[in-house]
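# Understanding the architecture of this molecule
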Amino acid sequence: MIRIKGLNGLRAICAIYVLFSHVEQELVFVYGGQMNVFTASAFAVTVFFTISGFLITHQLLFEKQIAGVIRIRDFYLRRCLRILPLYFLYIFLALVVVVLYSKEFNFKYLVYFILPLANIPFILQIQIPLLSHLWSIGVEEQFYLFWPWMISGVNKIGFFVFGFILAFLCVKVFIWISEYSWNNKFLYAMHITRFDCIAIGCLGALLFQKKGRRIGALFLSPFIQLVTYSAVLVLVFGKFHVADVIDHEVVAVLSVVIIFCIHYYKRSFINLKSRWIDYLGSISYGLYMYHPLTIFLIFELVRKFFHSRVIAIDILVYLIVTGVTIGIAGLSYKYFERQFLLKKALK
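Keep in mind that what you see is a predicted model, and the values were worked out from it rather than measured. (Residues numbered from 1 in each chain as written. Predicted model: local features only at pLDDT ≥ 70, side-chain atom pairs only at ≥ 80, totals over all residues. Heavy atoms only, no water.)

The helix and strand tally for the protein chain stands at 14 helices and zero strands. In sequence order, the protein chain lays out its α and β elements as α-α-α-α-α-α-α-α-α-α-α-α-α-α. Relative to the 2.2 N^0.38 estimate, which gives 20 Å for 347 residues, the radius of gyration of the protein chain is 20 Å and therefore close to what a compact globule would have. Counting only C-alpha atoms, the protein chain reaches 60 × 50 × 45 Å along its principal axes. The 347 residues of the protein chain split such that 50% are buried. Across the protein chain, contacts joining residues at least 24 apart in sequence account for 79% of those joining residues at least 6 apart. (Helix = DSSP H or I, 4+ residues; strand = E, 2+ residues; numbered from the N terminus. Rg over C-alpha atoms; globule rule 2.2 N^0.38 Å. Buried < 20%, exposed > 50% of the residue type's maximum accessible area, 1.4 Å probe, protein only. Contact = heavy atoms within 4.5 Å.)

Given below as structure tokens:
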């Protein structure tokens, strides 16, 4: 199977961006004011979704090409070994902290997190201490409940994926035009779920397998890279906007273009293939999972010693939260997650 160069680096950037965004949110919550930087964390999650769809589809297509069949049981076993051990460990740790700090929590909502439905409380806008970010894990797991079956059973999978994306988007646009509001709960659920964004990543993997180098030669010129990364800069600074109803889909397409750019071009404007950023990408799942707990515990100390917000305190908090989270994620990867990854590799 072709290793997608730079993919770990892209995941690392997204994970760190989400971490920074949530630190900024907590600073605003504690000291007041408004968010001025790192306001596009929702788009960073969309990039995560697109990468996931791309990578999983790439792996499934390779398995189908080599073995002639997709072993769906093995797929789910590998998925469980990668996702669930850390997922449930984090929930346990978060609940311990919630109890120790006497945070208000209705334990009946735990059923959503035990089942692959962690996005439901988020869609219903139910506040869950330290667990709300797990909504994205729920979205992915729901998508993969049916996706390997589609790859395995549908002959013209490219047409199917394109049709799925188009149908999903058309329903969103139709409801949006009808109401011009996110108040429609079904529309909001589609906006949060973003199956079409994951599917855009899947479609990217299909193109990569069949016409990767041709697409690289035709479209991924230095000019295309310049335009793409300029769009990324606009995205990073929270100024990206096309239309509310399709913004995330545009970001998903942009993400696929970036994947092609960083894979095929050694002189890409952004180097995402260095050893340290590749390592951060390897532990990005841990970075994403642990960071709310790290932020909460560190801010419990910060609010006791600092009663007003200044730039020096902001920088210190960012550095401490980032360093501690990387440390915890690294230890978790080495001493906990890796034990399951070794078993995953045998499947």
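After presenting the structure, the write-up continues.
A word on the packing of aromatic side chains. Applying the stated criterion across every chain yields a total of 25 aromatic pairs. Arranged with centres 5.7 Å apart and planes meeting at 65 degrees, the rings of Phe54 and Phe208 form a pair that is edge-to-face. Residue Phe54 is found in helix α2 (residues 41–67), and its partner Phe208 is found in helix α9 (residues 195–219); the two are separated by 154 residues along the sequence. Exposure remark for Phe54: the relative accessible area of 0% places this residue in the buried category. Taking relative accessible area as the criterion, Phe208 reaches 5% and is therefore assigned buried. Clustering of aromatic rings is evident, with ring pairs tying together Phe75, Tyr76, Phe143, Tyr144, Phe146, Trp147, Phe164, Phe168 and Phe195. (Phe/Tyr/Trp six-rings, centres within 6.5 Å; stacked < 30°, edge-to-face > 60°.)

Let's shift gears to helix α3 (residues 72–100). In this model α3 runs 41 Å from its N-terminal to its C-terminal C-alpha over 29 residues, within 8% of the 42 Å that 1.5 Å per residue would give. At Ile83, α3 is bent by approximately 30 degrees, the largest bend along its length, and proline Pro85 sits one to four residues beyond. Positioned one or two residues after α3, Ser102 has a phi angle of 55 degrees, which is positive. (Expected span 1.5 Å × (residues − 1). Bend = angle between axes of the 7 residues up to and from the residue.)

A cluster of nonpolar side chains, Leu301, Phe305, Phe306, Leu316, Ile320, Val324 and Ile328, forms an exposed patch at the surface whose accessible area comes to about 600 Å². Residue assignment for the nonpolar patch shows that the elements contributing at least two residues are α13 (284–305) and α14 (311–345). Ranked by residue count, the leading element in the nonpolar patch is α14, at four residues. One can find Ile328 in helix α14. (Patch = residues over 30% accessible without salt bridge, like charges linked within 9 Å, V, L, I, M, F, W, Y side chains within 5 Å. Areas by Shrake-Rupley, 256 points an atom, 1.4 Å probe, with all protein chains shown as cover. Salt bridge = Lys/Arg side-chain N within 4 Å of Asp/Glu carboxyl O.)

One way to put it is that α2 packs onto α3 with a least axis distance of 12 Å and a crossing angle of 145 degrees. In terms of crossing hand, the pair formed by α2 and α3 is right-handed. Here Ser52, Ile56, Leu60 and Glu63 of α2 come into contact with α3, specifically with Phe75, Arg78 and Arg79. (Axes fitted to C-alpha atoms, helices over the stretch in contact; angles between N-to-C directions. Left-handed = near helix turned anticlockwise from the far one by under 90°.)

Taken as a whole, this structure holds eleven salt bridges when the rule is applied. For Arg79, the salt bridge identified is with Glu140, shortest N-O distance 2.8 Å. Within this pair, whereas Arg79 is found in helix α3, its partner Glu140 is found in helix α6 (residues 135–153), the two being separated by 61 residues in sequence. Like Arg79, the residue Glu140 is buried in the burial classification. Between Arg82 and Glu337 there is a salt bridge; the shortest N-O distance is 3.1 Å. Within this pair, whereas Arg82 is found in helix α3, its partner Glu337 is found in helix α14, the two being separated by 255 residues in sequence.

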